[in-house]
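Observations on chain architecture
Chain residues, written in single-letter form:
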Amino acid sequence: CAVKAAHVLSEIAKNEEMKKPCIEAGLVVTLIPLLESTDQEMLLHAGRAIGRICYDNRDLQEELVKVGVIPSLVRILTDYAESEPLVHVALLALYNLADLDSAKEALSMTKVAEQLVKQLRRAESHERLEIVFEVLQALAENDALKMQLVEAGVPEVLSEILLRLQGSSQAEDTCIVKAASDLIVSLLLGGKKGNITGQIHKESTSRTIVLILARHKNSQGKNSLNSEFALLVSIIVFLTSHLFDGNCLRMVQLGVIHQLLDLLEKHVQSGDASVQQAALSALQNFAIPVVSKVQMLEEGVAERIEALLRSESPPVQSKLLGTLRMLADGQADAAEVLGQDPMLLNRLVQWCSVSDHSGICGEANRLLTSILHHNRSQEVVKAIQAAQGVKHLVSMTTSEHAAMQNEALNALAIASAIDLETLEDSFKESQLVQTLHKLLRDDNTSPEVKYNSMGLLRRLLNSGDLRQEIEEDKIKDTLEQLCSHSNANVVKEAITTLQVLRGET
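Residues numbered from 1 in each chain as written. Predicted model: local features only at pLDDT ≥ 70, side-chain atom pairs only at ≥ 80, totals over all residues. Heavy atoms only, no water.

**Quick notes on the environment of Lys428**
- Residue position: Lys428 is located in helix 27 (residues 402-429).
- Assessed through its relative accessible area of 27%, Lys428 is described here as partly exposed.
- Counting along the chain gives 37 residues from Lys428 to Lys391, while the straight-line C-alpha distance between them is 9.9 Å.
- Not counting the four nearest positions on each side in its chain, Lys428 is found in contact with Asp465, Leu466 and Glu469. (Helix = DSSP H or I, 4+ residues; strand = E, 2+ residues; numbered from the N terminus. Buried < 20%, exposed > 50% of the residue type's maximum accessible area, 1.4 Å probe, protein only. Contact = heavy atoms within 4.5 Å.)

In structure tokens form, the structure reads like this:
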């Protein structure tokens, strides 16, 4: 009798005009306990009735979550995973509730991620895949759920789907590929700062991806949209596993970097944020291991990245500059090449003063410091001086970020050791001595910044004019005060700097 009543209610609720009377009669609250039934027919009709009555009614949906409908839906997915009608009802319900913060919180306390992975693997129709994707996309907005989805292996399953559809020209497959690609990017790179949110701890995954890419390289459909996204997302999945140097180098040798750059060249002006974000993040990750860094430089990747800087998108420009900075890190040859490119240096200097885009301004400054820090050539020092980049590095020493202050101080110290004579006038014009004195006097300056400021100060004492400025600014008094600083390293550096200033060493 109860089953028939639930069936009748589910049919009545199809009529928009009948929803309000059902709500007023309190039928939703009556139906909720029926979701605990072990009778599949009862579950089907009760689930349909609740879903139809509560559709597009946020207050009722919130009430459903409050009375505990979420665990019941996850139980249906768990206990009746093979029942297509029941799974469909449960997925539709989750789809309608997933936008609610309360629902996300409730779901984070369940094992919904594991059940969604099962349904992804079982899904045979485009319709089923699409509804699972919609649920996953909504849940990925919650950090706790996002991590659970990654750990449950959702990105790997999505990558398998992409590989299966690779090369297809059917419109439905293209939609699935695009949705799956966006979802993987959202899961793995969709944090507030674009950082990878989880790691897939499986060496086998990276080996598999290398094989996929090798197959892709010889694929007849490699210019199709699906193939592009399959390639892109496979790379992203690889990058979320440990970066094994051998596999990373193998991927570079397979031409992955140039395929990524080809993608960027196509999409850099199109505004396709998903492609841009994924490709740029992948490039940056490839530029970290030394073994792939060297290979990338040998293959002319730096020159191609420089060409892409023509983009008018600050986020794109910022990530490209970050990639160049990573390539130059620890690579004197790369720093020397970048540091003698007048066009690049002029653009960097322009970006250093772009106040309305702090990201690109910061990356431009950091790339300049990286070039100086890793360079050992007088020619580079002269080129940066000629491009009027020194004043920006002096300004960077007063950044609100201690890490950037230290980068600038160390870079200027190295440049001063290489060719102080070339930099002398710029240091005087930009009041470097006075800036260093302020940093040393300021109680809020971190010990490391004070330490590096004194290291640079000692370099400046090799110039007669700058030594005179140091003496006139009475930095000696400040150094004497620092000899009683609470940090032992600061004290040691202050004593050493005083000795050099007094001519005792």
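More follows now that the structure is in view.
**Let's talk about the pattern of salt bridges**
- Evaluation of the coordinates by the stated rule reveals 14 salt bridges.
- Note that Glu493 and Arg458 form a salt bridge whose closest N and O atoms lie 2.5 Å from each other. Of this pair, Glu493 sits in helix 32 (residues 488-501) while Arg458 sits in helix 29 (residues 447-460), and the two are 35 residues apart along the sequence.
- Glu471 is paired through a salt bridge with Arg467; the nearest N and O atoms lie 3.9 Å apart. Here Glu471 and its partner Arg467 are both found in helix 30 (residues 464-472), 4 residues apart, which amounts to about one turn of the helix.
- Given the relative accessible area of 47%, Glu471 is considered partly exposed.
- Arg467 gets classed as partly exposed once you look at its relative accessible area, which sits at 24%.
- Salt bridges here are not isolated pairs; linked through shared partners, they connect Glu82, Glu84, Arg122 and Arg128. (Salt bridge = Lys/Arg side-chain N within 4 Å of Asp/Glu carboxyl O.)

**Observations regarding the confidence of the model for the protein chain**
- Mean pLDDT over the protein chain stands at 82; residues scoring 70 or higher make up 84%.
- Low confidence marks residues 190-208, where pLDDT is under 50. Its contacts with residues over four positions away, or in another chain, come to 46 contacts.
- Predicted confidence is poor over residues 210-226, with pLDDT under 50, and the contacts of this stretch with residues over four places away or in other chains come to 33 contacts. (pLDDT = per-residue confidence, 0-100.)

**Re the environment of Arg164**
- Among the structural elements, Arg164 can be located in helix 12 (residues 154-165).
- Among the residues examined, Arg164 registers a relative accessible area of 54% and is labelled exposed.
- Taking the C-alpha atoms as reference, Arg164 lies 9.9 Å from Val177; in sequence the two are 13 residues apart.

**A closer look at the UniProt feature "repeat: ARM" (unreviewed entry) in the protein chain**
- Mapped onto this numbering, the UniProt entry gives "repeat: ARM" (unreviewed entry) at residues 68-107.
- The distance from the first to the last C-alpha atom of residues 68-107 is 11 Å, and the span holds 80% helix and 0% strand. (UniProt positions renumbered as here; feature names shortened; annotations may be inferred.)

**Some details on the side chain of Thr478**
- Considering the arrangement of structural elements, one finds Thr478 in helix 31 (residues 475-482).
- The residues contacting Thr478, other than those within four sequence positions of it, are His437, Leu440 and Arg441.

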